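Coordinate analysis (summary)
As a plain string of letters, each chain reads:
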Amino acid sequence: MYVEDTIAAIGTPVGEGGIGVIRVSGPDAPAIARRIVRRGNENGDFESHRFYYGMVMDPDTADSVDEVMAVLMVSPRSYTREDVLEIQCHGGYLVTRRVLDAVLRCGARLAEPGEFTRRAFLNGRIDLVQAEAVIDVIRSKTEAALSLAQHQREGRLSERLDAVQGSLRHGLALIEAFIDFPEEEVDSATQGEIEARAREALARIDELLDGFDEGRVLREGVSVLIAGKPNVGKSSLLNTLLREKRAIVTSVPGTTRDIIEEVVNVRGLPLRMLDTAGIRETEDIVEQEGVRLTLEKIPQADLILFVLDGSRPYDDDDRMILDALAGRRSIVVVNKSDLPASLCLPGDLEGVRNVPISTATGAGIDDLREAIFDTFIHGHAIDSREYVALSQARHRDALEKARGRIVVFLENLAVGHELEILAVDLRDALDAVGEVTGETTPDDILDMIFQRFCIGK
Ligand code: GDP
């Protein structure tokens, strides 16, 4: 349900800045431009895609509101494919509000979160994968996450999905041709062709699903817990990691994660450091309590850095933590390599990757970063122009559904099921892929997706 009214919002963040942008989209945008933007002696229509210097006037009192630059982008050459007006005014909290207010009083409605991008999607300028990538571009915290999001926004993932759909449609067309002529038997050459198209789609889906784990960790980051008994050097390690190439620290207001997260950037992989406050506090807490606190956090982490003190013998506290790590993805970090070694690693740590480091001298820290990166990214050039990956659980789920339907289709094809049933299998698979690209995505899912956007995007 897409009402073609005119929407408006402030497109820049709330606060003080050099400029603020008010964005307007819909059929009334040209009239609003003429009504509130006074351009010296120039009257009449705005030329499309031309910047005008002028003043925004209050539509009721004709008082001047602010000195601005304004541009009208006439449909379809705009972000939403509708007529779009963008007004650049001074970037203050009140002044942007007043310009927006002038626009709203000319009949525009305040936009919902993500509504501009939603219109771009509904008007077919971008598909849903590209629309979702817009928010990922805005939220990216590392270069690698940004480049993944940009590739998706440019449509590289969409191209791969198009190819899957192409194979499925081709197979479906072959089947439907025979449904239309029931007197004809499906010959073995055609049957082979249909099967080949389905297998081609399957292989393409598998390739995308294979890349999901990497895509997801690049997009969402991984949670890392530094575990170890007191005094092994956990806070020293945290500080060393934070000091190097610190990623943008984020706060996520209004959610349960309403905290400042400490994010470490390891070659483009965002590491969210769990319980960093806890690590620092354990110095004041009796030893056993500190160990217990660490143990509680273990299940929440994607990766545990198990820190041992290389200058002290392995003891029961270390063993207690090691027992809790069973089955968890971990790297053993042997700290204090600058001191004489007296640690003897127990037999059950054989085979687990261990990295000697010294937070005091910095020795081994690069190896540790390498080990962390290798745990999640397997030999792909994630910074290459060619890197395309699936990164959202919603996309993965839909493609797994499509995959399941194709597998059933191939089984039914092999045992010679009726053509109508075969066609249904393939159509279901196509619909599942369409949920990713937006062709068959239900409205409530669309609502959920665009709710994640900011107002004005
Ligand atoms: P935590 O209790 O595990 O967080 O340990 P800390 O990071 O507070 O370190 C405990 C003590 O070990 C401090 O006195 C640190 O200065 C010292 N320390 C940490 N890393 C090293 C290291 O690599 N070499 C040496 N010689 N001392 C270290």
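Residues numbered from 1 in each chain as written. Predicted model: local features only at pLDDT ≥ 70, side-chain atom pairs only at ≥ 80, totals over all residues. Heavy atoms only, no water.

- The protein goes by tRNA modification GTPase MnmE in an unreviewed UniProt entry, where it is assigned to Geobacter hydrogenophilus.
- Quoted straight from UniProt, the Subunit (unreviewed entry) entry for the protein says "Homodimer. Heterotetramer of two MnmE and two MnmG subunits."
- Database annotation for the protein, UniProt heading Subcellular location (unreviewed entry): "Cytoplasm". (UniProt positions renumbered as here; feature names shortened; annotations may be inferred.)

**Some thoughts on the packing of aromatic side chains**
- Scanning the entire structure with this criterion turns up 3 aromatic pairs.
- The interplanar angle of 65 degrees and the centroid separation of 4.7 Å between the aromatic rings of F46 and Y52 together place this pair among those described as edge-to-face.
- Note on Y52: relative accessible area 3%, which makes it buried.
- Seen in terms of ring centroids, F450 and F453 are 5.4 Å apart; in terms of plane orientation they differ by 35 degrees. Their pairing is tilted. (Phe/Tyr/Trp six-rings, centres within 6.5 Å; stacked < 30°, edge-to-face > 60°. Buried < 20%, exposed > 50% of the residue type's maximum accessible area, 1.4 Å probe, protein only.)

**Observations regarding the UniProt feature "binding site: Mg(2+)" (unreviewed entry) in the protein**
- Mapped onto this structure's residue numbering, the UniProt feature "binding site: Mg(2+)" (unreviewed entry) falls at S235 and T256.
- Summarising the element assignment, S235 is placed in helix 9 (residues 234-243).
- For S235, a relative accessible area of 16% gives the class buried. (Helix = DSSP H or I, 4+ residues; strand = E, 2+ residues; numbered from the N terminus.)

**A short note on the nonpolar core**
- If you look at the biggest cluster of nonpolar residues, it comprises 34 residues, and the most contacted ones within it are L161, L168, I175, L399, I406 and F409.
- For this core, the secondary-structure elements that each account for two or more residues are helix 6 (156-180), helix 7 (188-210), helix 14 (393-414) and helix 15 (419-437).
- Among the elements that make up this core, the one with the highest residue count is helix 15 (9 residues).
- Non-local contacts of L161, meaning those with residues more than four positions away in its chain, are made with V129, L208, L399, V433, V436 and T437. (Core = buried A, V, L, I, M, F, W, Y, C linked by side-chain atoms within 4.5 Å. Contact = heavy atoms within 4.5 Å.)

**Considering the domain arrangement of the protein**
- Domain assignment breaks the protein into domain 1 (7-111), domain 2 (130-211 + 389-450) and domain 3 (218-376).
- On the side of domain 3, 10 residues touch domain 2, which itself brings 8 residues to the contact.
- Carbon and sulfur atoms make up 67% of the surface buried where domain 2 meets domain 3, a total of about 770 Å² over both sides.
- For domain 2, the biggest contributors to the area lost against domain 3 are K141, T142 and A144; these three give 57% of the whole.
- At the surface where domain 2 touches domain 3, the tally comes to 1 salt bridge.
- As a salt-bridge pair, R219 and D136 come within 2.7 Å of each other at their nearest N and O atoms. (Domains from an automatic or database assignment. Buried area = accessible area lost by both parts, 1.4 Å probe. Salt bridge = Lys/Arg side-chain N within 4 Å of Asp/Glu carboxyl O.)

**Concerning the UniProt feature "binding site: (6S)-5-formyl-5,6,7,8-tetrahydrofolate" (unreviewed entry) in the protein**
- Mapped onto the present numbering, the UniProt feature "binding site: (6S)-5-formyl-5,6,7,8-tetrahydrofolate" (unreviewed entry) falls at R23, E86, R125 and K457.
- If you trace the backbone, E86 turns up in strand 6 (residues 84-91).
- Excluding residues within four positions of it along the chain, E86 makes contact with V21, I22, R23, M69, A70, V71 and M73.
- Of the polar contacts made by the side chain of E86, one reaches the side chain of R23; its length is 3.1 Å.
- For R125, the location among the structural elements is in the loop between helix 3 (115-122) and helix 4 (128-139).
- Among the polar contacts made by the side chain of R125, one reaches the main-chain carbonyl oxygen of Y79 at a distance of 2.7 Å. (Polar contact = N/O pair within 3.5 Å; in protein donor to acceptor, adjacent residues only side chain to side chain.)

**Some remarks on the state of the cysteines**
- Throughout the structure, instances matching the rule amount to 0 disulfides.
- Of the cysteine sulfurs around C89, a residue in no disulfide, the closest is that of C106, at 15 Å.
- Residue C89 is classed as buried on the basis of its relative accessible area, which comes to 3%. (Disulfide = S-S within 2.5 Å.)

**Brief notes about helix 15**
- Here helix 15 spans 27 Å end to end across 19 residues, near enough to the 27 Å set by a 1.5 Å rise per residue.
- Of the positions making up helix 15, those classed as buried are L419, L422, A423, D425, L426, A429, L430, A432, V433, G434, V436 and T437.
- G438 sits one or two positions beyond helix 15 and adopts a positive phi of about 105 degrees. (Expected span 1.5 Å × (residues − 1).)

**A short note on the site of the ligand**
- By nearness alone, 16 residues border the ligand, and N231, K234, S235, S236 and T359 come closest of all.
- Between the ligand and the protein, one listed contact pairs an oxygen atom with a backbone N or O atom of A360 at 3.2 Å.
- For the ligand, the protein covers 74% of the area, taking 580 Å² as the surface of the free molecule.
- A total of 3 residues in the shell around the ligand trace back to one element, the largest contributor, which is helix 9.
- Looking at the shell around the ligand, its residues break down into 4 nonpolar, 7 polar and 5 charged. (Near = heavy atom within 4 Å. Areas by Shrake-Rupley, 256 points an atom, 1.4 Å probe, with all protein chains shown as cover. Nonpolar A, V, L, I, M, F, W, Y, C, P; charged D, E, K, R; others polar.)

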